[in-house]
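# What the coordinates show
Spelled out, the chains give:
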Amino acid sequence: MTETEPVGFIGLGIMGRSMALHLLEGGHSLVVYNRTRQKALPLLDRGATWASSPADVAARCAVVFTIVGFPHDVEEVYLGPNGLISNARSGMLFVDMTTSSPALAVRIAEAAAVRGAVSLDAPVSGGDKGAREGTLSIMVGGDPTAFNRVLPLMRLMGKNIVHQGPAGSGQSCKLCNQIVIAGTMIGVCEALAFARRSGLNLDRMLQSIGSGAAASWTLQNLAPRILAQNFGPGFYVKHFIKDLRLAMEWAKQKGLDLPGLRTVLARYEALASRPGGENLGTHGLYLLYDSSPFLPPSH
Ligand code: NAP
């Protein structure tokens, strides 16, 4: 595709606003839509054009990216009466980067195919930082020819871009990613609580374990936010619970028991039941262990 053909982008939250900006900075003209228009203003100031609905985006663009919140949002944007699919033309290409259900990705790909269009599932990992820096890992499911067509645009948003297989396999891969993060996150929070009760200097503890066998993105990027008592998102608790439930459901359908994942999910559900809990960043899990972080332990 050429830089003169406008690209559509739907969903301008924590992730989408940075990802869309990379497309704009890459020289592409952009048509954007978001449920709350105000979040589009920084992109409109930079030259993006506002569309009034997903249908309006479909009418103006041949390639459309989406990154909304939950599977029901994906369903509305794609399969709703004013959505992308019922307004699709032959040859159009849709790329959903939301973390969503593998089964829904298959349904959307089938619905797109009926209209002669293609839909890829392409969820991402790397957090708000990866979105800002254009270094996301992108896991793609769906038609390989469409994948190659859209790869130059994905390269503006990510660095590690892998085609995983047929429709839905990008989402299945992302759920593997979330299963690993669930284990890592609870480990990081429990280690910090343990270190504090042991009277260790937390910065020094992180300095030692951050480059050994325990090293991880979570430890490197989120442990410092815990130490700074900055528990905002990042990545919302409510979205992580959505992902862990998707993984639990998918595993159940495959006859697989994941007791570790079930434990972490229950901890996050406990956090979300607290006032404001579901809108914390995922590293807010630490607050279950230590409600007044970094006051002297006697408090
Ligand atoms: P977010 O800040 O809540 O952004 C989602 C955006 O989608 C919001 O601006 C929302 O509109 C918009 N939206 C939702 N439903 C819509 C609809 N029907 N029509 C139009 N716009 C709609 O969430 P985020 O952190 O960017 O995450 C987005 C997705 O990426 C989630 O599935 C999340 O699990 C995944 N993800 C997030 C991270 C991360 O670190 N944040 C990392 C990897 C993957 P409003 O402005 O009205 O709310």
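Our subject in this report is the structure included herewith. Just so it is clear, the structure is predicted and the values come from calculations on it, not from any experiment.

Take the overall build of the protein next. Helix and strand counts for the protein stand at 12 helices and 9 strands. For 299 residues, the compact-globule estimate of 2.2 N^0.38 gives 19 Å, and the protein sits close to it at 20 Å. Projecting the C-alpha coordinates of the protein onto the three principal axes gives extents of approximately 65 × 45 × 35 Å. Looking at the protein as a whole, 51% of its 299 residues are labelled buried. Within the protein, contacts between residues at least 6 apart in sequence are counted, and of these 66% link residues at least 24 apart. Taken as a whole, the protein presents about 13,500 Å² of accessible surface, with 54% of it coming from carbon and sulfur. Taken together, the 27 basic and 22 acidic charged side chains of the protein have centroids lying 4 Å from each other.

Within the secondary structure, Gly284 is located in the segment after helix H12 (259-272). As for Gly284 and Arg132, which are separated by 152 residues in sequence, their C-alpha atoms are 21 Å apart. Beyond its immediate chain neighbours, meaning those up to four positions away, Gly284 contacts Phe231 and Leu271.

All told, the structure shown has 1 cavity of 30 Å³ or more when counted by the stated rule. In this model, the largest cavity occupies a volume close to 50 Å³. Looking at the lining of the largest cavity, the elements that each hand over two or more residues are helix H4 (71-79), helix H5 (102-114) and strand S6 (118-121). Sort the elements by how many residues they give to the lining of the largest cavity and S6 lands first, with 3 residues.

Before going further, it helps to spend a moment on the site of the ligand. The environment of the ligand is formed by 27 residues, the closest being Met15, Thr36, Lys39, Gly69 and Lys242. One nitrogen or oxygen atom from the side chain of Arg35 is found 2.9 Å from an oxygen atom belonging to the ligand. Where the shell around the ligand is concerned, the elements lending two or more residues are H4, helix H6 (127-133) and helix H11 (237-253). It is H4 that provides the largest number of residues to the shell around the ligand, a total of 3 residues. Of the residues that make up the shell around the ligand, three or more belong to each of domain 1 (7-165) and domain 2 (173-288).

The next thing to look at is the packing of helix H8 (residues 169-197) against H11. Close contact between H8 and H11 brings their axes to 9 Å; oriented N to C, the two are set at 115°. Taken together, H8 and H11 sit at an angle that is classed as roughly perpendicular. Regarding H8 and H11, the two cross each other, and that crossing is left-handed. Contacts between H8 and H11 pair Ser172, Leu175, Gln178, Ile179, Ile181 and Ala182 from the former with Phe240, Asp243, Leu244, Leu246, Ala247 and Trp250 from the latter. Residue classes in the contact of H8 with H11 are distributed as 9 nonpolar, 2 polar and 1 charged.

We now examine the pattern of salt bridges. For the structure shown, the criterion picks out 11 salt bridges. Asp128 is the salt-bridge partner of Arg132, the closest N and O atoms lying 3.4 Å from each other. Remark: Asp128 and Arg132 occur in helix H6; sequence separation between them is 4 residues, near one turn of the helix. Exposure remark for Arg132: the relative accessible area of 49% places this residue in the partly exposed category. A cluster of three or more residues bridged by salt bridges with shared partners is formed by Asp128, Arg132 and Arg225.

Next up on the list: helix H9 (residues 202-209). Residues Leu202, Met205 and Leu206 constitute the buried set of H9. Around the axis of H9, the buried residues are gathered within 95° of arc, so they sit on the same side. Opposite its buried face, H9 presents the exposed residues Asp203, Arg204, Gln207 and Ser208, each directed more than 90 degrees away. Those residues of H9 that are buried are in contact with H8 and helix H10 (217-227). Capping the start of H9 is the job of one residue whose side-chain oxygen sits 3.0 Å from the backbone nitrogen of Asp203: Asn201.

Calculation notes
Residues numbered from 1 in each chain as written. Predicted model: local features only at pLDDT ≥ 70, side-chain atom pairs only at ≥ 80, totals over all residues. Heavy atoms only, no water. Helix = DSSP H or I, 4+ residues; strand = E, 2+ residues; numbered from the N terminus. Rg over C-alpha atoms; globule rule 2.2 N^0.38 Å. Buried < 20%, exposed > 50% of the residue type's maximum accessible area, 1.4 Å probe, protein only. Contact = heavy atoms within 4.5 Å. Areas by Shrake-Rupley, 256 points an atom, 1.4 Å probe, with all protein chains shown as cover. Lys, Arg positive; Asp, Glu negative; His and termini not counted. Charge placed at Lys NZ, Arg CZ, Asp CG, Glu CD. 1 Å grid on protein atoms, 1.4 Å probe; cavity = no way out; pocket = protein on both sides within 12 Å on 5 of 7 lines; lining within 4 Å. Points joined across faces, edges and corners; volume = space filled by probe spheres on them. Near = heavy atom within 4 Å. Polar contact = N/O pair within 3.5 Å; in protein donor to acceptor, adjacent residues only side chain to side chain. Domains from an automatic or database assignment. Axes fitted to C-alpha atoms, helices over the stretch in contact; angles between N-to-C directions. Parallel < 35°, antiparallel > 145°, perpendicular 65-115°, else oblique. Left-handed = near helix turned anticlockwise from the far one by under 90°. Nonpolar A, V, L, I, M, F, W, Y, C, P; charged D, E, K, R; others polar. Salt bridge = Lys/Arg side-chain N within 4 Å of Asp/Glu carboxyl O. Arc of directions from axis to C-beta.

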